[in-house]
Structures are given as C-alpha cells and as structure tokens.
Amino acid sequence: MEEWANHYCFIKKEDGTYEVELDEAWDEGSHYGGGTINVAIPREWFDLSYDEFFERVVTLVAAKHYGFTPDDLKEKEGLKEFFGFE
C-alpha cells in the first residue's frame, strides 16, 4: 500500500503544552483513507538538549515512517524558538 503524510506539524496549546500532529493518507480506490494522529509531547522532554528532544519527537505519530528525521526538523527556521530552546 502506498501511503503518505498530508501534513506534519507542531501545535502550542493555550495551556502552554505542545502536540505533534500527522495526517496520513492512502488511496482506497474512489477515495482516500487515513486519519489524523495527535500526540502530546511529554513535558520532561523539554529538559533534554535540543538534539535529544528531536531524537524523541520523531518517535511520535509515525514521523520516522514518513521520512522525517531529527536533522531535518531541528534545522527548520524558527522551530528552536517555537519550542523555547533559545
């Protein structure tokens, strides 16, 4: 089965917690199947180094399965500040 990620994003909620969201899809003939997976990022992960943080984040919501790597993510502009590492 060929599958793909429609989107992969990080969300900061009003209470200051963070989530990771991945919307996955695959062809089911006349329509697409799949769904959206949302998982909270554990608060204790923010005590890790930025590199260690992303080593763990890609284990959530099947991010590695869709080709997302810690090196790709941690280099995205503004992400370090978004997560409060700078």
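Everything discussed here concerns the structure shown above.
Described below are features of the structure shown in this document. Just so it is clear, the structure is predicted and the values come from calculations on it, not from any experiment.

Section: the pairing of strand β1 (residues 3–12)
- As judged from the 9 bridges shared by β1 and strand β2 (residues 18–27), these two strands associate in the antiparallel manner. Across the sheet, residue H7 finds its bridge partner in β2, namely D23.
- Counted along the chain from β1 to the antiparallel partner β2, the turn is 5 residues long, and its residue G16 has a positive phi close to 90 degrees.

Observations regarding the sheet that holds β2
- Read from one edge of the open sheet, 3 strands run β1-β2-β3, paired in antiparallel fashion. Single-partner strands in this sheet number two, and they are β1 and β3 (32–40). The sheet shows a mean angle of 15 degrees between the axes of neighbouring strands, taken without regard to direction.

Some points on helix α1 (residues 50–57)
- Those residues of α1 not exposed but buried are Y50, F53, F54 and V57. Here the buried residues of α1 occupy an arc of 90 degrees about the axis, which is enough to place them on one side.
- Where α1 is buried, its residues meet β1, α2 (70–74) and α3 (79–82).

Quick word on the pattern of salt bridges
- Taken as a whole and judged by the stated rule, the model has 3 salt bridges.
- Here E19 and K13 are joined by a salt bridge, their closest N and O atoms 3.6 Å apart.
- Judged by its relative accessible area of 39%, K13 is partly exposed.
- Here K74 ties to D71 by a salt bridge, and the two come within 3.3 Å at their closest N and O atoms. With a gap of 3 residues between them, K74 and D71 both fall in helix α2, about one helical turn apart.
- According to the relative accessible area criterion, K74 is buried, its value standing at 16%.
- Among the charged side chains, a salt-bridge network with shared partners connects D51, D71 and K74.

What about the environment of P42?
- Mapped onto the elements, P42 comes out in the loop between β3 and α1.
- Judged by relative accessible area, P42 falls into the partly exposed class, the value being 23%.
- For the pair P42 and W4, spaced 38 residues apart in sequence, the C-alpha separation works out to 26 Å.

Structural notes on the packing of aromatic side chains
- Evaluation of the coordinates by the stated rule reveals 18 aromatic pairs.
- Ring centres of Y18 and F82 lie 5.5 Å apart, and the angle between their planes is 80 degrees; on these two criteria the pair is classed as edge-to-face. With Y18 in strand β2 and F82 in helix α3, this residue pair connects regions lying 64 residues apart in the sequence.
- Overall, the relative accessible area of 7% leaves Y18 in the buried class.
- A residue is classified by how much of its surface remains accessible, and F82, at 30% relative accessible area, is partly exposed.
- Ring centres of Y50 and F54 lie 5.1 Å apart, and the angle between their planes is 85 degrees; on these two criteria the pair is classed as edge-to-face. Residue Y50 and its partner F54 are located together in helix α1, separated by 4 residues, close to a single helical turn. F54 shares its class with Y50; the two are buried.
- Joined through ring pairs, the aromatic side chains of Y8, F10, Y18, F46, Y50, F53, F54, F68, F82, F83 and F85 make up one cluster.

About the thresholds
Residues numbered from 1 in each chain as written. Predicted model: local features only at pLDDT ≥ 70, side-chain atom pairs only at ≥ 80, totals over all residues. Heavy atoms only, no water. Pairing = 2+ DSSP bridges. Helix = DSSP H or I, 4+ residues; strand = E, 2+ residues; numbered from the N terminus. Axes fitted to C-alpha atoms, helices over the stretch in contact; angles between N-to-C directions. Buried < 20%, exposed > 50% of the residue type's maximum accessible area, 1.4 Å probe, protein only. Arc of directions from axis to C-beta. Contact = heavy atoms within 4.5 Å. Salt bridge = Lys/Arg side-chain N within 4 Å of Asp/Glu carboxyl O. Phe/Tyr/Trp six-rings, centres within 6.5 Å; stacked < 30°, edge-to-face > 60°.

It is worth stressing that arrangement in space is one thing and function is another; only the former is reported here.
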